[in-house]
Amino acid sequence: MARNFRQFWKLGEKEFNTEFFNINKDGELVIREGNNQYNVVDLARKFGSSLEIFLPFILEKRLDHLFDVVSDTSKELGYKGKFSYHFPMKVNQNKEYVLPLVSEGANLEVGSANELWLVKRLWEGENFYSKIRVLCNGPKTQKYIQLIHQLRAAGLGIVPIIEDIEELRLLKDFKGDMGIRVNLQSKVKSHWDKKVDRFGLTSQEILELGKIRNLKVLHYHIGSQIEREDDILVVLEEAFQTYKKLRVISPTLDTINVGGGFAIPYEKKRMYSVESVVKRILTHLKRMSEEAGIPHPNWIVEWGRYMAAPSQITVFKIVATKEIAKAAAKQWYIIDGSFMNDLLDTWAIHQKWHVVAVNQMKEKRHRVWLAGMSCDSDDKYTAKDGYVLLPRLEDLPPGDDLYIAIFDTGAYQDAFASHHCLLSSPVKVALQNGIATIIRKRESAEDVGKLFGW
Ligand SMILES: *Cc1c(COP(=O)(O)O)cnc(C)c1O
C-alpha cells in the first residue's frame, strides 16, 4: 500500500528529483537527509505557512553528481578538455544558495553590476576558493565595467563576455581573459525559443571582428527548459563550426560555454538524464575536434534551473474552499499565499508544478483548482485547464488543516516575487544536519508597508 501511495505522489524517484521525499506511516510527507528525517507538516505547524523549505544538501548533491558524471564520462571517452560549472546567479541570488555551491566547487555567472557587487562582497569576505572564475554577461554599463576592472585588479578570475560590438570597444583596456557570445541560428523547443533574440552577435559578425586579444571563451545560451535532448546537440554542432573558425583568427580560444537550458521534470514525466546529455556532448566534442585537428575544447555549463529548482519546496495551507459548477475540477482550494506573488511563473509563463499533499496523503482525493489569496482572478493554478488531485477536506480529523507542497520552486521564483495586494512573502527555513533554521522571517504589515514608502 505505502508503495502505491509513494508512486501516486511520484516520490522516491531519482529521475523526478524526488529521491529524498517519502510518506511516513501516518500519511505525511517526509524529507530524508542521510540519517535525519524531517516531517513537513510539523514544520508548517511550527513555522507557519506560507513556508518555503530550502534543502541545501540537495543542491550540494546535485553539483557533486554533475562533477562525478563529467569526470567518469571524460575518463571513459578519453576526453581531455577541462570542465567547469558556472552557477548563473539570476536563477537564485539568495546567499544561502550561492555559498554552498561555491564551497562545493561551482564558479559563477553574473548578468548585472548588482549581481557582481554581491560577488565582490563574497570575495572581500574571503568566502571563496581563490581559483574561482566569474563570467560577466548582460549589458556592460559604466558601473559594471568599473567593477569588472576593480575585481580583476583584486585578483579575481573574471571574464567579461562580449555581447555586442560596442562592448568590445568599452573593454578595449581590459587585460584579462575575454569571452564572446554567439547568437546561433538553430532553434530549440522551449518556451524561450523566440524568433528574434537581442543577445549576442551572429557567427558572421564575430568572424569579421578580426583577432580579439585574450579571447578564451565562445559562449551561447539558447533558451531555458529545453524540451528535447537532441536540440542540445544540434546547437552544440552549430557553435562548434564558429569555434573552429574563430580559433584560426584568435588562437587563445580554448573553451566552449554551452550556457543553460537543461530542463527539470516539473510535471514528473520522464525526461532526458544528465548522464546521457554529458555523454553525448563529450562524444560530439571529441569527434568534431579530432576531425578538425584541434585539441578537445575545455567546456562550461551554466545549467541553472537544473541545479537549483529541486532544492526548494513551497508549502501552503488550504484556508477555504468553494464549489465549482461544471468544470474539470469540483472545488477551489484557496491557499494562504499567492501564485502571482510567490510563484510568479504560474502566471507569467503558465508554469506547471508538481503538487503534493503534505498530510492526509493516504486518503481519497478529488479534483481541485488552486487559488491564491490576492484579490486577483489570475491568481490561480489550474494545471493549464486540467486539475490537481488532492485529499478532501471533509476527511480531515476535526480541527486539522490540509497542507500542500509545490515542488521544484528553487529556481527563479524568489527574484520574481512581488507584493500584489501587499501580501507577505513566505517565511523561509533551511534544513541541514537535522536542524531547521529560519533564513527569512515572515514580513509584518510594517515591513511590507515600508517597501511602499509608508
Ligand atoms: C538564464 C541564463 C542561464 C540559466 O538558464 P537555465 O535555463 O536556468 O539553465 C545560463 N546562462 C545565461 C547566460 C543565462 O542568461
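Heads up: the structure comes first, above all this text.
Since this is a predicted model, take the numbers as computed values, not measurements.

Another point: the sheet that holds strand E3 (residues 36-39). Read from one edge to the other, the open sheet built from 3 strands follows the order E1-E2-E3, with strand pairing classed as antiparallel. The open sheet has two free edges, formed respectively by strand E1 (21-23) and E3, since each of these has just one partner strand. Across the sheet, the mean angle from the axis of one strand to that of its neighbour is 35°, orientation sign disregarded. Relative to strand E2 (residues 29-33), E1 runs antiparallel, the two sharing 3 bridges. Each bridged residue has a counterpart across the sheet, and for Asn-22 the counterpart in E2 is Val-30. In this fold helix H2 (residues 40-47) packs onto E2 and E3, with an angle of close to 60° to the strand it touches most, E3.

With that settled, consider the nonpolar core. Note on soluble globular proteins: their nonpolar side chains tend to be buried together. Residues Ile-53, Leu-116 and Trp-303 are the most contacted members of the largest nonpolar core, which totals 134 residues. Formed jointly, this core draws a minimum of three residues from each of two domains, domain 1 (2-56 + 311-451) and domain 2 (79-302). If we ignore the near neighbours within four places in the chain, the residues touching Leu-116 are Val-110, Val-134, Cys-136, Tyr-144, Leu-147, Ile-148, Leu-151 and Ile-158.

Here helix H10 (residues 274-292) spans 27 Å end to end across 19 residues, near enough to the 27 Å set by a 1.5 Å rise per residue. Within H10 the residues assigned to the buried category are Val-274, Val-277, Val-278, Ile-281, Leu-282, His-284, Leu-285, Met-288 and Ser-289. Buried residues of H10 fall within an arc of 160° about the axis and therefore sit on the same side. Buried residues in H10 make contact with helix H3 (56-77), helix H9 (229-249), strand E11 (255-257), strand E12 (298-301) and helix H11 (304-308). Remark: Gly-293 follows H10 within two positions and exhibits a positive phi of approximately 70°.

With that settled, consider the packing of helix H5 (residues 113-124) against helix H6 (residues 142-153). As a packed pair, H5 and H6 sit with axes 9 Å apart at the nearest point and diverge in direction by 25°. The angle between H5 and H6 places the two elements in the roughly parallel class. Between H5 and H6 the crossing geometry is left-handed. Contacts between H5 and H6 involve Ala-113, Leu-116, Trp-117, Lys-120 and Trp-123 from the former and Lys-143, Tyr-144, Leu-147, Ile-148, Gln-150 and Leu-151 from the latter. When grouped by side-chain class, the residues that make up the contact of H5 with H6 number 8 nonpolar, 1 polar and 2 charged.

What follows deals with the pairing of strand E16 (residues 365-371). In terms of burial, E16 is largely enclosed, as 5 of its 7 residues are buried. Bridging between strand E14 (residues 331-335) and E16 involves 4 bridges; their strand directions are parallel. The partner of Gln-331 across the bridge, within E16, is Val-368. With 4 bridges connecting them, E16 and strand E18 (residues 388-391) associate as antiparallel partners. Looking at the pairing, Arg-365 lines up with Pro-391 of E18. Here E16 pairs with strand E17 (residues 380-381) via 2 bridges, running antiparallel.

Let's shift gears to the packing of H3 against helix H4 (residues 95-103). For any two helices packed against each other, one specifies the inter-axial angle together with the distance between the axes. With their axes 9 Å apart at the nearest point, H3 and H4 run at an angle of 35° to one another. Note on packing geometry: the crossing formed by H3 with H4 is right-handed. Note on element contacts: H4 touches H3 through Tyr-97, Pro-100 and Leu-101, opposite Leu-59, Glu-60 and Leu-63. The residue makeup of the contact of H3 with H4, split by class, is 5 nonpolar, no polar and 1 charged.

Before going further, it helps to spend a moment on the site of the ligand. What surrounds the ligand is a group of 16 residues, the closest being Lys-90, Ser-224, Glu-302, Arg-305 and Tyr-412. Interatomic distance of 2.6 Å between a side-chain N/O atom of Glu-302 and a nitrogen atom of the ligand. A distance of 2.6 Å separates an oxygen atom of the ligand from a polar atom in the side chain of Tyr-412. With the chains in place, 93% of the 390 Å² that the ligand exposes on its own is no longer accessible. Of the residues that constitute the shell around the ligand, the class distribution is 4 nonpolar, 7 polar and 5 charged.

Time to look at the packing of aromatic side chains. Counted under the stated rule, the structure contains 15 aromatic pairs. Ring geometry for Phe-54 versus Tyr-97: centroids 4.3 Å apart, planes at 25°, classification stacked. Of this pair, Phe-54 sits in strand E4 (residues 51-54) while Tyr-97 sits in helix H4, placing them 43 residues apart in sequence. Residue class for Tyr-97 comes out buried when judged on its relative accessible area of 0%. In this arrangement the basic side chain of Arg-62 is found over the ring face of Tyr-306, its NZ or CZ atom lying 4.3 Å from the centre. The side chain of Arg-367 reaches across the aromatic face of Tyr-387, ending 4.0 Å from its centre.

Another aspect to go through is empty space enclosed by the protein. For the structure on display, the rule yields 1 cavity of 30 Å³ or more. Size it by volume and the largest cavity reaches roughly 80 Å³. Forming the walls of the largest cavity are Tyr-220, Ile-222, Ile-226, Ile-232, Val-235, Leu-236, Val-258, Gly-260, Gly-261, Phe-262, Ile-281 and Trp-303. Among the elements that take part in the lining of the largest cavity, H9 stands out by supplying 3 residues, more than any other.

Cut-offs applied
- Residues numbered from 1 in each chain as written.
- Predicted model: local features only at pLDDT ≥ 70, side-chain atom pairs only at ≥ 80, totals over all residues.
- Heavy atoms only, no water.
- Pairing = 2+ DSSP bridges.
- Helix = DSSP H or I, 4+ residues; strand = E, 2+ residues; numbered from the N terminus.
- Axes fitted to C-alpha atoms, helices over the stretch in contact; angles between N-to-C directions.
- Contact = heavy atoms within 4.5 Å.
- Core = buried A, V, L, I, M, F, W, Y, C linked by side-chain atoms within 4.5 Å.
- Buried < 20%, exposed > 50% of the residue type's maximum accessible area, 1.4 Å probe, protein only.
- Domains from an automatic or database assignment.
- Expected span 1.5 Å × (residues − 1).
- Arc of directions from axis to C-beta.
- Parallel < 35°, antiparallel > 145°, perpendicular 65-115°, else oblique.
- Left-handed = near helix turned anticlockwise from the far one by under 90°.
- Nonpolar A, V, L, I, M, F, W, Y, C, P; charged D, E, K, R; others polar.
- Near = heavy atom within 4 Å.
- Polar contact = N/O pair within 3.5 Å; in protein donor to acceptor, adjacent residues only side chain to side chain.
- Areas by Shrake-Rupley, 256 points an atom, 1.4 Å probe, with all protein chains shown as cover.
- Phe/Tyr/Trp six-rings, centres within 6.5 Å; stacked < 30°, edge-to-face > 60°.
- Lys NZ or Arg CZ within 6 Å of the ring centre and 35° of its normal.
- 1 Å grid on protein atoms, 1.4 Å probe; cavity = no way out; pocket = protein on both sides within 12 Å on 5 of 7 lines; lining within 4 Å.
- Points joined across faces, edges and corners; volume = space filled by probe spheres on them.

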